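Structural overview
Chain by chain, the residues run as shown.
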Amino acid sequence: MKIGLLGSGNIAHTMARTIAGMIKKEIPGIQAWSVGGRSLERAQALAKQYGFSKAYGSYEELVSDPEVDLIYIATPHSHHYAHAKLCLEHGKHVLCEKAFTVNAAQAEEIQRMAKERGLLLTEAIWTRYMPSRSMLGRLLEEGIIGKATSLTANLGYVLPHVERMQEPSLAGGALLDLGVYPINFALMAFGDDYDAVQASAVFSPKGIDYMDSITLTWKDGRMAVLHANMLALTDREGVIFGEKGYLEVQNINNPEEIRVYNLNRELTARYVVPEQITGYEYEVLACRDALERGELECFQMPHETTLQVMKLLDCIRRSWNMTFPCE
């Protein structure tokens, strides 16, 4: 699988480092092929640093390369829709960074395009692909804390200086960049069939959301209370509460350890996640495996789930009367 990177910024560097690490570990079926950027010099520098074979000074040149199999989209999410369309129109399989698109309508259109063309398209929300997901699911299924009734999850970094986070034109704000992680954590733990959502936010002078508070409830009474914050550092914890105790996930953005506590708040078990290259390798492997099976979706993040998350994000923004210029 010859991989191309669309974009040459920080997140593209992380994926390039991941692919280089996978090749070093001799993981089969992975080839660092090409980098496309708005600047040829930056694309060449990235390609040289991580051992990619080719570099292009435009995205159009990248997608026109007949050798590229899978393209990883590493641009701001305001541009995901246009760049995914560009890749699909040139017959390329796509692994697209989160948030998948700006809204559900865009997501539906590119999903339809991919299916019509027989191409793989999947969202690179890395926590959906990590071993920690199945570890957590197994513990909950085994009833290690009894019946789970509620959870909390948060993610926050000090990011007011980051342009793409500040600008409405780049679909900035905490929700699409940070809020997707606690939301996905809640849905992975309690299921996609939530019944109701309530959300509030603190907004910037430009109208993007600085901080979010989101509450999801399920028909059976379970509740998730979620927080995203681009002005402060949070502990990134996810805590699931049950009738026999509770469990903590250290860092919902890249889980490191799951800790289990009993009714006396005593630590009874610790589960450490496997050592990783960066954590991105699991989504790359999922794409490789899906393509080998001739599938157009990755079971870890199927189209239906991506679309459901996008519809939830749309619902939250509608309640805030928050729209982006690119919509």
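Above this note sits the structure.
First things first, this report covers the structure right here in the doc. (Residues numbered from 1 in each chain as written. Predicted model: local features only at pLDDT ≥ 70, side-chain atom pairs only at ≥ 80, totals over all residues. Heavy atoms only, no water.)

1. As for unusual backbone geometry
Excluding glycine, a negative phi dihedral is what most residues carry, and trans is how most peptide bonds are arranged. A99 follows K98 through a cis peptide bond whose omega is -20 degrees. The residue A99 is located in the loop between β5 (93-97) and α5 (104-117) in this model. Unlike most non-glycine residues, A171 shows phi in positive territory, near 55 degrees. Tracing the backbone through its elements, the reader meets A171 in the loop between α7 (163-166) and α8 (174-190). Overall, A171 belongs to the buried group, its relative accessible area being 0%. You will see that R265, though not glycine, has its phi angle at about 60 degrees, which is positive. When you line up the elements, R265 lands in the loop between β13 (257-261) and β14 (267-272). (Helix = DSSP H or I, 4+ residues; strand = E, 2+ residues; numbered from the N terminus. Buried < 20%, exposed > 50% of the residue type's maximum accessible area, 1.4 Å probe, protein only.)

2. With respect to the sheet that holds strand β2 (residues 31-36)
As summarised here, the arrangement of the six strands in space is β3-β2-β1-β4-β5-β6, forming an open sheet in which the pairing is parallel. The open sheet terminates on both sides in strands that have one partner only, identified here as β3 (54-56) and β6 (121-124). Neighbour to neighbour, the strand axes of the sheet diverge by 20 degrees on average, direction disregarded. As paired strands, strand β1 (residues 2-6) and strand β4 (residues 70-73) are joined by four bridges and run parallel to one another. Paired with G4 across the strands is I71, a residue of β4. The sheet contacts of helix α9 (residues 281-292) involve β1, β4, β5 and β6, and relative to β5 the element is tilted by about 155 degrees. (Pairing = 2+ DSSP bridges. Axes fitted to C-alpha atoms, helices over the stretch in contact; angles between N-to-C directions. Contact = heavy atoms within 4.5 Å.)

3. Digging into the packing of α8 against helix α10 (residues 303-320)
One can describe the packing of α8 onto α10 by two numbers: an axis separation of 11 Å at closest approach and a directional angle of 125 degrees. Accordingly, the angle class assigned to the pair α8 and α10 is oblique. At the point where α8 passes α10, the crossing takes the right-handed sense. Only V309, L312, L313, I316, R317 and W320 of α10 make contact with α8, whose side of the interface consists of L175, L176, V180, I183, N184 and L187. For the contact of α8 with α10, a count of residues per class yields ten nonpolar, one polar and one charged. (Parallel < 35°, antiparallel > 145°, perpendicular 65-115°, else oblique. Left-handed = near helix turned anticlockwise from the far one by under 90°. Nonpolar A, V, L, I, M, F, W, Y, C, P; charged D, E, K, R; others polar.)

4. Examining the packing of α5 against α10
Packing of α5 against α10 leaves a shortest axis separation of 8 Å and a crossing angle of 165 degrees. The orientation of α5 relative to α10 falls into the category roughly antiparallel. When you trace α5 past α10, the crossing you get is left-handed. For the pair α5 and α10, the contacting residues are A104, A107, E108, Q111 and K115 in the first and H303, T306, L307, M310, K311 and D314 in the second. The residue inventory of the contact of α5 with α10, partitioned by class, reads four nonpolar, three polar and four charged.

5. Examining the environment of V63
Summarising the element assignment, V63 is placed in helix α3 (residues 59-64). We classify V63 as buried; its relative accessible area is 1%. Taking the C-alpha atoms as reference, V63 lies 15 Å from A114; in sequence the two are 51 residues apart. What V63 contacts, discounting residues up to four positions off in sequence, is L6, I71, L86, C87, H90 and K92.

6. Some words on the environment of A228
Among the secondary structure elements, A228 is positioned in strand β10 (residues 223-229). Since its relative accessible area comes to 1%, A228 is described here as buried. With residues near it in sequence (within four places) discarded, A228 still touches L155, A174, L178, G179, Y210, M211 and D212.

7. A word on the pairing of β6
A regular strand carries its side chains on alternate faces of the sheet. Both β5 and β6 contribute to a ladder of four bridges, which runs parallel. Bridge pairing in β6 places V94 opposite L121.

8. With respect to the pattern of salt bridges
Taken as a whole and judged by the stated rule, the model has 14 salt bridges. Residue K2 pairs with E67 through a salt bridge whose shortest N-O separation is 2.6 Å. Of this pair, K2 sits in strand β1 while E67 is found in the loop between α3 and β4, placing the two residues 65 residues apart along the sequence. As a salt-bridge pair, D65 and K54 come within 3.9 Å of each other at their nearest N and O atoms. In this pair, D65 is assigned in the loop between α3 and β4 and K54 in strand β3, connecting sequence segments eleven residues apart. Note on D65: relative accessible area 4%, which makes it buried. When its relative accessible area of 34% is taken as the criterion, K54 is described as partly exposed. Residues joined in a network through salt bridges with shared partners are K98, R164 and D177. (Salt bridge = Lys/Arg side-chain N within 4 Å of Asp/Glu carboxyl O.)

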